[in-house]
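Chain and residue survey
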Amino acid sequence: MDFRIFTEPQQGATYDTLLAVAKATEDLGFDAFFRSDHYLAMGSGDGLPGPTDAWITLAGLARETRRIRLGTLMTAGTFRLPGVLAIQVAQVDQMSGGRVEFGLGAGWFEDEHKAYGIPFPKEKFARLEEQLAIVTGLWETKPGETFDFHGTHYDLTASPALPKPAQARIPVLVGGHGATRTPRLAARYADEFNMPFASVEDSERQFGRVRAAVEQAGRGADELTYSNALVVCVGKDDQEVARRAAAIGREVDELKANGLAGTPSEVVDRIGRYAEIGAQRFYLQILDLHDLDHLDLISSRVQSQLS
């Protein structure tokens, strides 16, 4: 069972803060450091000191870490042209020595597009499908050959399909709650399916849909890794749980209902329920990036029991 640290830097974080979290992630034995891809804070916070770019951040971390995997949940398909994105991700993979994983989503937060002048297309899912075809197609094209794609939204002619990633295949993550198109897209392109912020029951239903779609596509259902992203708030006792919940502006009961919250034994039990329905990997959403003691506690008292 893998445990990965997942951050939301748009809520307010410098690169140095993210570097400190990534180094703690590596030192404490977690599998990976992932981050969101957003440019605007959500909720009532001011987002100071401002956003950081996902792939610029990961490029820096690629050179300052040695073991952990690095990736996004999820890169917004509305932010970058797919050909440029393929170059960026391949370069960061080279810079990391082959430790990148690539999550791509359609993009959804309209306000951040308005705030930074980014076009927000009405039809996003069809664009996402073409983006996945282009990015993976560029990476898979053999050196010396060219790549062509003629779709509704994007057109590539005689691309040299360079540079290549360090890995023979960068793992691709697809995720979401959609009942039909999302499982189909995962079945075609994904190495991992991620269910974000969902109950055990909803996760079980969606994993079942994805497994069925994968088999219908002629692949083995177990070829994919099935994962959950969940907010985490752990304390040695109830008082520490309450303190950490207050620090991120959340209620303990709500966190226990919708995430991984409580004492280490409570969280271990909760993770076990997800594991029973097929979850193999957990993205632990850390909202207070300055509380590195929180990561230490999760490593020593939760991860140690389940890894």
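Below you will find a few notes about this structure.

What counts, and at which threshold
Residues numbered from 1 in each chain as written. Predicted model: local features only at pLDDT ≥ 70, side-chain atom pairs only at ≥ 80, totals over all residues. Heavy atoms only, no water. Helix = DSSP H or I, 4+ residues; strand = E, 2+ residues; numbered from the N terminus. Rg over C-alpha atoms; globule rule 2.2 N^0.38 Å. Buried < 20%, exposed > 50% of the residue type's maximum accessible area, 1.4 Å probe, protein only. Contact = heavy atoms within 4.5 Å. Areas by Shrake-Rupley, 256 points an atom, 1.4 Å probe, with all protein chains shown as cover. Core = buried A, V, L, I, M, F, W, Y, C linked by side-chain atoms within 4.5 Å. Salt bridge = Lys/Arg side-chain N within 4 Å of Asp/Glu carboxyl O. Phe/Tyr/Trp six-rings, centres within 6.5 Å; stacked < 30°, edge-to-face > 60°. Lys NZ or Arg CZ within 6 Å of the ring centre and 35° of its normal.

Along its length, the protein carries eleven helices and twelve strands. Taking 2.2 N^0.38 as the reference for a compact globule, 307 residues should give roughly 19 Å; the C-alpha atoms of the protein span a radius of gyration of 19 Å, in line with that estimate. When the backbone C-alpha atoms are referred to their principal axes, the protein occupies close to 60 × 45 × 35 Å. Of all 307 residues assigned to the protein, the portion counted as buried reaches 55%. The contacts in the protein between residues at least 6 apart in sequence include a share of 73% that link residues at least 24 apart. For the protein, the computed accessible surface area is about 13,300 Å², with 50% contributed by carbon and sulfur atoms.

Cis rather than trans, the peptide bond between Leu-48 and Pro-49 has omega equal to 10°. Assignment of secondary structure puts Pro-49 in the loop between strand 2 (32–35) and helix 2 (54–64). The amide bond that connects Leu-162 to the next residue, Pro-163, takes the cis arrangement and shows omega of 0°. With respect to the helices and strands, Pro-163 occurs in the loop between strand 7 (155–159) and strand 8 (172–175). The backbone of Ala-158 shows a phi angle near 55°, a positive value even though the residue is not glycine. What makes Ala-158 partly exposed here is its relative accessible area of 46%.

This next bit is on the nonpolar core. Core analysis: the largest hydrophobic core is formed by 76 residues, its most contacted members being Phe-33, Trp-55, Phe-102 and Leu-284. It is helix 5 (residues 125–140) that provides the largest number of residues to this core, a total of eight residues. Ranked by size, the runner-up nonpolar core spans eight residues in total, among them Phe-6, Met-74, Leu-173 and Ala-229.

What follows concerns the pattern of salt bridges. A full pass over the atoms with the stated rule returns 22 salt bridges. The partner of Glu-129 in a salt bridge is Arg-184, and the shortest N-O contact between them spans 2.8 Å. Separated by 55 residues along the polypeptide, Glu-129 in helix 5 and Arg-184 in helix 6 (residues 181–189) bring together distant segments of the chain. For Arg-184, a relative accessible area of 39% gives the class partly exposed. A salt bridge links Arg-273 to Glu-201, with the shortest nitrogen-to-oxygen separation between them at 3.4 Å. Here Arg-273 is found in helix 10 (residues 264–276), whereas its partner Glu-201 is found in helix 7 (residues 200–216), with 72 residues between them in sequence. Relative accessible area serves as the criterion here: at 37%, Arg-273 is assigned to the partly exposed category. Each of Lys-236, Glu-240, Arg-243, Arg-244 and Asp-291 takes part in one network of salt bridges that share partners.

The next subject is the packing of aromatic side chains. Considering all chains together, one arrives at ten aromatic pairs under this definition. Centre to centre, the rings of Tyr-274 and Phe-282 are 6.3 Å apart; their planes meet at 85°, and the pair counts as edge-to-face. You'll find Tyr-274 and Phe-282 in the same group, each marked buried. Three or more aromatic residues joined by ring pairs form one cluster here, namely Phe-3, Tyr-274 and Phe-282. Here Arg-181 stacks its cationic end above the ring of Phe-125, 4.2 Å away from the centre of that ring.

Structurally, Arg-188 is set in helix 6. A relative accessible area of 57% means that Arg-188 is categorised as exposed. Linking Arg-188 and Ala-217, residues 29 residues apart in sequence, is a C-alpha distance of 7.0 Å. Ignoring anything within four residues of it in the chain, the contact list for Arg-188 reads Glu-129 and Arg-219.

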